[in-house]
Amino acid sequence: MIPIQYSREVAAARQSGAALVALESTIITHGMPFPQNVETARLVEDDVRAAGAVPATIAVLDGLLHVGLEDAQLDQLGQAQNVAKLSRADMAACIATGGTGATTVAATMIAAHLAGIHVFATGGIGGVHRGAELSFDISADLHELAQTPVTVVCAGAKAILDLPKTFEVLETLGVPVIAFGQDVLPAFWSAQSDMPAPLRMDSAALIAQAQITRTSMGLRGGQLVANPIPLDAEIPAETLRPVITQALDEAAAQGISAKAVTPFLLGRIFELTQGRSLTANIALVRNNARLAAQIAIAMGKSPTG
Ligand code: PSU
Ligand code: MN
């Protein structure tokens, strides 16, 4: 095993057996502007604590895998330039070469699993990009969900993606997609989409039990919980549609590709909505952190967990 640097708080939680919730860092370095990125990361950690669990924000700093960041490290990462965006393909290389990188959903799942953490909260997972039939751009997040046993709480896949194709791929890969408390899938900035949810659960305890059952059946992989953004924070899909189209057109015109696509689109949508997309993004991540904490606590209470 590679060495893992735990924060003081996470190390204490591991000793006492407290429930842990993993948090990613790409949303900090590539998903939100400074200083809202650091402020949000702190709020999300506090939301996990207020719900009775312990937050473990994950990143690679100077070649060392950190599970839980001290306050100063979080601050530094939030302001650092040229931080790598790490997924399954490049995480080990970053560690081996002493680099610094923020972990995407895929890389955070890998790290959480290495650290024995079963639940992870993020904003929106990556997925199948629009036009993927030509670009082949499908996020590694989907394949990670198929193989790493971590329950990921998100607000759906980001609405910049091709949502029907994203959920088709998840089904093909055998990933349970569970809408929390509603019959349709949420769509990140919007609470509802027109896609029926493959599965629906209304309690954290059931979600925890479903993951435990999966693992005890020898089924590989995690599950995706799609938790709708709180209604008072949502942006209706009709409002976003032209904004997303414009951002996508600009990305195509400027030849933005590969890892740069998602950060570019999120940044342009932030500008085109005068910051409203960021306010919604912050609200949905915090909402996901609270649910993830409840699931983590329920997993700890289960006799088989
Ligand atoms: N959720 C957010 N903002 C983000 C992300 C998630 O609210 O920026 C990040 C996650 O790290 C996710 C990544 O894994 O976006 C997807 O990147 P890509 O589409 O390049 O796979
Ligand atoms: Mn991609």
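What counts as what
Residues numbered from 1 in each chain as written. Chains lettered and ligands numbered in written order. Predicted model: local features only at pLDDT ≥ 70, side-chain atom pairs only at ≥ 80, totals over all residues. Heavy atoms only, no water. Helix = DSSP H or I, 4+ residues; strand = E, 2+ residues; numbered from the N terminus. Rg over C-alpha atoms; globule rule 2.2 N^0.38 Å. Contact = heavy atoms within 4.5 Å. Areas by Shrake-Rupley, 256 points an atom, 1.4 Å probe, with all protein chains shown as cover. Lys, Arg positive; Asp, Glu negative; His and termini not counted. Charge placed at Lys NZ, Arg CZ, Asp CG, Glu CD. Near = heavy atom within 4 Å. Polar contact = N/O pair within 3.5 Å; in protein donor to acceptor, adjacent residues only side chain to side chain. Phe/Tyr/Trp six-rings, centres within 6.5 Å; stacked < 30°, edge-to-face > 60°. Buried < 20%, exposed > 50% of the residue type's maximum accessible area, 1.4 Å probe, protein only. Pairing = 2+ DSSP bridges. Core = buried A, V, L, I, M, F, W, Y, C linked by side-chain atoms within 4.5 Å. Axes fitted to C-alpha atoms, helices over the stretch in contact; angles between N-to-C directions. Left-handed = near helix turned anticlockwise from the far one by under 90°. Salt bridge = Lys/Arg side-chain N within 4 Å of Asp/Glu carboxyl O.

Looking only at helices and strands, one finds 13 helices and eleven strands in the protein. Taking 305 residues into account, the globule formula puts the C-alpha radius of gyration at 19 Å, and the protein, at 18 Å, falls close to it. Overall, the C-alpha framework of the protein stretches about 50 × 40 × 35 Å when taken along its three principal axes. Taking contacts inside the protein between residues at least 6 apart in sequence as the whole, the part at least 24 apart equals 73%. If you sum the accessible surface of the protein, you get close to 12,900 Å²; carbon and sulfur atoms cover 56% of it. Positive and negative charge centroids in the protein, built from 19 and 27 side chains respectively, lie 4 Å apart.

Attention shifts here to the site of ligand 1. Around ligand 1, the surrounding shell holds 19 residues, and the nearest of these are Glu 24, Lys 85, Ser 139, Asp 141 and Thr 262. Measuring from an oxygen atom of ligand 1, one finds a side-chain N or O atom of His 129 at 3.5 Å. Coverage of ligand 1 by the protein amounts to 94% of the 480 Å² it exposes when considered alone. Put simply, the parts of the chain that give the shell around ligand 1 at least two residues each are helix H2 (26–31) and helix H12 (261–272).

This part is about the packing of aromatic side chains. By convention here, two paired aromatic rings are described through the distance between centres and the angle between planes. Applying the stated criterion across every chain yields a total of one aromatic pair. For the ring pair Phe 188 and Trp 189, a centre distance of 4.8 Å and an interplane angle of 75° mean the geometry is edge-to-face. Overall, Phe 188 belongs to the buried group, its relative accessible area being 1%.

The alternating pattern of strand S11 (residues 223–226) places Gln 223 and Val 225 and Leu 224 and Ala 226 on opposite faces, both of which are buried. As defined by bridge partners, strand S8 (residues 151–154) adjoins S11 across four bridges and the pair is classed as parallel. Bridged to Cys 154 within S11 is Ala 226. Note: strand S9 (residues 177–180) against S11, three bridges, orientation parallel. Considered in S11, the bridge of Val 177 is made with Leu 224.

Let us look at the side chain of Ser 190. Within the secondary structure layout, Ser 190 lies in the loop between S9 and strand S10 (199–201). Classification of Ser 190 as buried rests on a relative accessible area of 4%. For Ser 190, the side chain forms a polar contact with the main-chain nitrogen of Ala 237, separated by 3.4 Å. Ser 190 has contacts with Ile 229, Glu 234, Ile 235, Pro 236, Ala 237 and Leu 240, leaving out every residue within four places of it along the chain.

In this structure, Val 67, Ile 125, Trp 189 and Ile 295 are the most contacted members of the largest nonpolar core, which totals 108 residues. Element by element, the count of residues in this core is highest for helix H13 (residues 276–301), at 14 residues. Not counting the four nearest positions on each side in its chain, Ile 125 is found in contact with Val 105, Asp 141, Leu 142, Leu 145, Val 152, Cys 154, Gly 156, Ala 157, Lys 158, Leu 161, Leu 170 and Leu 224.

Bringing the packing of helix H3 (residues 36–50) against helix H4 (residues 71–79) into the picture now. It is at 9 Å that the axes of H3 and H4 come closest, and there the two elements cross at 145°. Seen from above, H3 lies across H4 with right-handed handedness. Only Asp 71, Leu 74, Asp 75 and Gly 78 of H4 make contact with H3, whose side of the interface consists of Asn 37, Val 38, Ala 41 and Arg 42.

Looking at the secondary structure, you find Asp 75 in helix H4. Sequence-distant contacts of Asp 75, defined by excluding residues within four places in its chain, comprise Val 38 and Arg 42.

A word on the pattern of salt bridges. Under the definition given, this model contains 16 salt bridges. Notably, a salt bridge pairs Arg 8 with Glu 70, separated by 3.1 Å at the nearest N-O pair. Remark: Glu 70 occurs in the loop between strand S4 (64–67) and H4 and Arg 8 occurs in helix H1 (residues 8–16); sequence separation between them is 62 residues. The class for Arg 8 is exposed, based on a relative accessible area of 65%.

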